[in-house]
Every structure is written in structure tokens, then in C-alpha cells.
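A look at the structure
Residues per chain are reported as follows:
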Amino acid sequence: MSVDTDRLRRWRLVLGGDGAGPGSGLEDAQLSEEDSGVDKALAALYDKPDEDATGGPRSANLGASAPRVARWLGDVRRYFPSTVVQVMQRDAVDRLGLTRMLLEKELLAAVEPDVHLVGTLLSLNSVLPEETKETAREVVRKVVEELEERLADRTRAAIKGALDKASRTHRPRPGDVDWARTIHANLKHYSPELRTIVPEKLIGFGRRQQAVQRDVILAVDQSGSMAESVVYSGLFGAVLASMRALKTSFVAFDTEVADLTEHLADPVDVLFGTQLGGGTDINRAIAYCQGLVGRPEQTLLVLISDLYEGGDEDELLQRVAELVNSGVQVVTLLALSDSGAPSYDHENAAALAELGVPAFACTPDQFPELMAAAVRGDDLQAWAARESS
């Protein structure tokens, strides 16, 4: 195939049938049998429907036929890599209103799982037919397991290291001396006569305890715009709860508050305990979280919200100020997602910043380091600035 022929073929696939009309220069583009399959799969999703007398869609559209949707799902998995399949599935739900395909067990089993699909399933949780719910849980579990493999060990390691560093002392007990650090810090005190180092200071860790070292409260906004953040929050909540050095609470909220802490042993249970959609009453959620604080100076409250408040804003700021003044470390994540900076309430973010509560978006890959920085007591606003630069 010549370069010109291949270029025509590619442009024909990009522009579709509508773009290959008379005068386009693409009329003679040669499509193989596989190219024709790719073209039909794209046309079903992206070509504009014809305006015929009945106002119905053109024949290439997916229409309302479940078998046709199932065939289309199979075609896109055949012709495109999984990352592209996930985008096309998302577009199918958004452009063609195919939310119903997620309500049918056979169609749901055919889709390519990803975080966005999990968010859609969670938003449909209350209307999923009984025969579909188990399939939906399997889809969600597959995504959660993939995310755990990517993020769980990193999170535990980062936080454990931060907890150890936070408990470091220069007056360690003999069994807790960190000899490597002690020797490095005292090399200049080597005594030739004694042929040894005479340490002026010992470096070590406080005696390791089985007791909880930090209390962590995740307060997660479950309004519809926060779907991806809810998915990642559920995963991280389960990971944090698996660490004996942490006491982790998980609070999901919209206009109501749901304490899902008892479900943290299984992130899938946490996610299906959320109810995506509805309004937002952050003040009510923070009031509930206040009641969970037993050791203010050892408590980290992570509010995950876009800060669009439907409740009492003044009372919300007053409650946050009370928490900060009592010693609670509070941080706001405007998003916990791969999607970048979200839409958020800038005025509330600025008001929280004045109280010493930083507000910024955070990716899942950054979250372990964020939690470690919080445990160490680092300046989180400076940390966020470094991470975004």
C-alpha cells in the first residue's frame, strides 16, 4: 500500500462516511474488510443520525436493540485496545443514552471495566435489577483489585515510613537505637585512641507500639460530580484501615451522612454503600466528623469535596476552625482522581485556606506521598506546590 493510499484510508476512517462525500477527495479510499468493520463501529457511535421523515436514527446507529449493542461491544473490543474501548464505552453512555446497557447482565458482562464505569454503576446502584447486581459487583471488584495492585503497597510503605520518622527520638532506649543513622551522624567523633566512635547523640525510634498512632477520618462527598473520587477514596479507605497503626473512619455524605467504617474490610462493600448523586451538606458531614474526634492532636481529617455547599457555609467554616484550633490536622482534596483540576467553589477554598486548611486536587498516585507528608507534619501547601510544578 502506497503512502498516499494509506493516508487516504486513515483520513477516511477519521472523517467517516459523512466526511467522504463528493469533493472530499476521499471517495476512492480503499477499505479492507477489517477497515470496514472499524468504520461501522465508529459510525454507530460518532456519525450524526439522519433526519428522515420519522425522525429516527440512521441504520448505522446502535438503536434500541440489545443484540445490536452486544455485537457492537464485541466489535470495539476486537478492533481497538482496551484504553480506547473504555473511552468509546463512556461516549456510548453519554452520547447515545445507553445507560440501560449497564442494567442488563449480558451487556454488562461484555464491557471493559474501568474507574469511570465503576462510577456509573455506583450511580445506578439503586436501580440495578437483582440479576445484574452480582455481575456489577464482579466488574467493580475487578477494577478495585487492579487499583489495589497498583497503589496499596506503595501507600502502606509511605505511611509506615512517615510514622517511623515521626516517632524518631534522640533519646532512644538501647534496643531502639538506629545504629546506621547514629554512626553516620557521629563520624566526626571518631577516637583514634579508642579506635571507635564516641557518639555525642543517639538516633533511634521510639519504642514500637501496637497502639494506634494516628486517627484518620476520610469525609467523602458522594455528589454525582465526585464519582471518580469516591471510587479511589473507597480503595484508599480500605488500605488505610488495614494498617494497625491507624484508626480509620470512612464517612460518605450528600445531604445525608453515612458512616461506612464497618465495611472497610472490603472496598467493594464500601463503594456499594455509597449513593452517588443528590445535593451536598458539607457542614452536616463535618459536624458528624467532629463527634468522631477523640484525640485531636493525633487526628487527620481529609475532606474530599468540590466544596459546593448546599448547607450552612458560615457554620461549616466555624466548625472547621474549631477542629483546627483543637489540634486536628485538616486537609481538603478538591478531587482524588486522574482527571486533573476539577470545578470547585473558589470562595470556600479561599476561606478554608485562611483557616490554615489547604485545598488542592490530588491524583491517586500522589495520595500515598500526601498522607506521608501529613503524618510527618510537613507544610502541605508547599508539598502541593512542589507536586504541581
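Residues numbered from 1 in each chain as written. Predicted model: local features only at pLDDT ≥ 70, side-chain atom pairs only at ≥ 80, totals over all residues. Heavy atoms only, no water.

As annotated in an unreviewed UniProt entry, the protein carries the name VWA domain-containing protein and comes from Amycolatopsis heterodermiae.

1. Some remarks on a nonpolar patch on the surface
The grouping of Trp179, Ile183 and Leu187 at the surface amounts to a nonpolar patch, some 330 Å² of accessible area in total. You can see tryptophan 179 is positioned in helix H8 (residues 179–185). The exposed category is assigned to tryptophan 179, whose relative accessible area is 51%. (Patch = residues over 30% accessible without salt bridge, like charges linked within 9 Å, V, L, I, M, F, W, Y side chains within 5 Å. Areas by Shrake-Rupley, 256 points an atom, 1.4 Å probe, with all protein chains shown as cover. Salt bridge = Lys/Arg side-chain N within 4 Å of Asp/Glu carboxyl O. Helix = DSSP H or I, 4+ residues; strand = E, 2+ residues; numbered from the N terminus. Buried < 20%, exposed > 50% of the residue type's maximum accessible area, 1.4 Å probe, protein only.)

2. Describing empty space enclosed by the protein
Within this structure, the stated rule accounts for one cavity of 30 Å³ or more. Reported here for the largest cavity is a volume of approximately 40 Å³. Together, Ile286, Leu301, Leu303, Val320, Val330, Thr332, Leu352 and Val357 line the largest cavity. Going through the elements one at a time, strand E8 (299–304) and strand E9 (329–336) are the ones with two or more residues in the lining of the largest cavity. Across the lining of the largest cavity, the residue classes break down as seven nonpolar, one polar and no charged. (1 Å grid on protein atoms, 1.4 Å probe; cavity = no way out; pocket = protein on both sides within 12 Å on 5 of 7 lines; lining within 4 Å. Points joined across faces, edges and corners; volume = space filled by probe spheres on them. Nonpolar A, V, L, I, M, F, W, Y, C, P; charged D, E, K, R; others polar.)

3. Observations regarding the side chain of asparagine 125
Tracing the chain through its elements places asparagine 125 in the loop between helix H6 (115–123) and helix H7 (130–166). If sequence neighbours within four positions are ignored, asparagine 125 has contacts with Lys133, Phe272, Thr274 and Gln275. (Contact = heavy atoms within 4.5 Å.)

4. Here's the deal with unusual backbone geometry
Backbone phi values are negative for most residues with the exception of glycine, while trans is the configuration of most peptide bonds. With a phi close to 70 degrees, leucine 307 is a non-glycine residue in the positive phi region. When you line up the elements, leucine 307 lands in the loop between E8 and helix H12 (313–326).

5. Thoughts on the pairing of E9
The buried fraction of E9 is high, at seven of eight residues. Judged from the five bridges that link them, E8 and E9 form a sheet pairing that is parallel. For valine 302, the partnering residue across the bridge sits in E9 and is valine 331. A crossover connection joins E8 to the parallel E9 through H12; in handedness this β-α-β unit is right-handed. As judged from the four bridges shared by E9 and strand E10 (residues 359–362), these two strands associate in the parallel manner. Bridge pairing in E10 links alanine 335 to alanine 361. (Pairing = 2+ DSSP bridges. Right-handed = clockwise from strand over helix to strand, strands pointing away.)

6. Some thoughts on a negative patch on the surface
Judged by side-chain charge, Asp312, Glu313, Asp314 and Glu347 come together as a negatively charged surface patch. Considering the arrangement of structural elements, one finds glutamate 313 in helix H12. (Lys, Arg positive; Asp, Glu negative; His and termini not counted. Charge placed at Lys NZ, Arg CZ, Asp CG, Glu CD.)

7. Quick notes on the side chain of threonine 155
Turning to its location among the elements, threonine 155 is positioned in helix H7. Those residues in contact with threonine 155 that sit more than four places away from it in its chain are Phe236, Val239, Leu240 and Pro368.

8. Quick word on the pattern of salt bridges
Taken as a whole and assessed by the stated rule, the structure comprises twelve salt bridges. Across the salt bridge formed by aspartate 269 and arginine 137, the nearest N and O atoms sit 2.7 Å from each other. Pair noted here: aspartate 269 is in helix H10 (residues 267–273) and arginine 137 is in helix H7, with a separation of 132 residues, a long-range link. The exposure class of arginine 137 is partly exposed, given its relative accessible area of 24%. The partner of aspartate 266 in a salt bridge is arginine 141, with the nearest N and O atoms 2.9 Å apart. With aspartate 266 in the loop between strand E7 (257–259) and H10 and arginine 141 in helix H7, this pair connects stretches of sequence that are 125 residues apart. Residue classification places arginine 141 among the partly exposed positions, given a relative accessible area of 31%. Shared partners join several salt bridges into a network, and the residues in it are Arg150, Arg154, Asp338, Asp365 and Glu369.

9. With respect to the packing of helix H11 (residues 282–290) against H12
One can describe the packing of H11 onto H12 by two numbers: an axis separation of 9 Å at closest approach and a directional angle of 25 degrees. In terms of orientation, H11 and H12 fall into the roughly parallel class. Between H11 and H12 lies a crossing whose hand is left-handed. Between H11 and H12, the residues in contact are Ile282, Asn283, Ile286, Ala287 and Gln290 and Glu315, Leu316, Arg319, Glu322 and Leu323, respectively. Grouping the amino acids of the contact of H11 with H12 by side-chain chemistry returns five nonpolar, two polar and three charged. (Axes fitted to C-alpha atoms, helices over the stretch in contact; angles between N-to-C directions. Parallel < 35°, antiparallel > 145°, perpendicular 65-115°, else oblique. Left-handed = near helix turned anticlockwise from the far one by under 90°.)

10. Brief notes about the confidence of the model for the protein
Residue-level pLDDT values for the protein average 81, and 79% of them are 70 or greater. Highest mean pLDDT in the protein belongs to H11 (97); lowest belongs to strand E1 (residues 168–169) (53). For the stretch residues 50–60, pLDDT sits under 50, and the model shows twelve contacts to residues farther than four places along the chain or on other chains. (pLDDT = per-residue confidence, 0-100.)

11. Quick notes on the sheet that holds strand E5 (residues 214–221)
Taken in spatial order, the six strands line up as E7-E6-E5-E8-E9-E10 in an open sheet, and their pairing is mixed. At either margin of the open sheet sits one strand with a lone partner, and together these are E7 and E10. Adjacent strand axes in the sheet meet at a mean angle of 25 degrees when their direction is disregarded.

12. Remarks on the packing of aromatic side chains
For the structure on display, the rule yields two aromatic pairs. Ring geometry for phenylalanine 236 and phenylalanine 367: centres 4.4 Å apart, planes at 40 degrees, overall tilted. One end of the pair, phenylalanine 236, is in helix H9 (residues 227–241); the other, phenylalanine 367, is in helix H14 (residues 367–376), with 131 residues separating them in the sequence. The two residues phenylalanine 236 and phenylalanine 367 agree in class, both being buried. (Phe/Tyr/Trp six-rings, centres within 6.5 Å; stacked < 30°, edge-to-face > 60°.)

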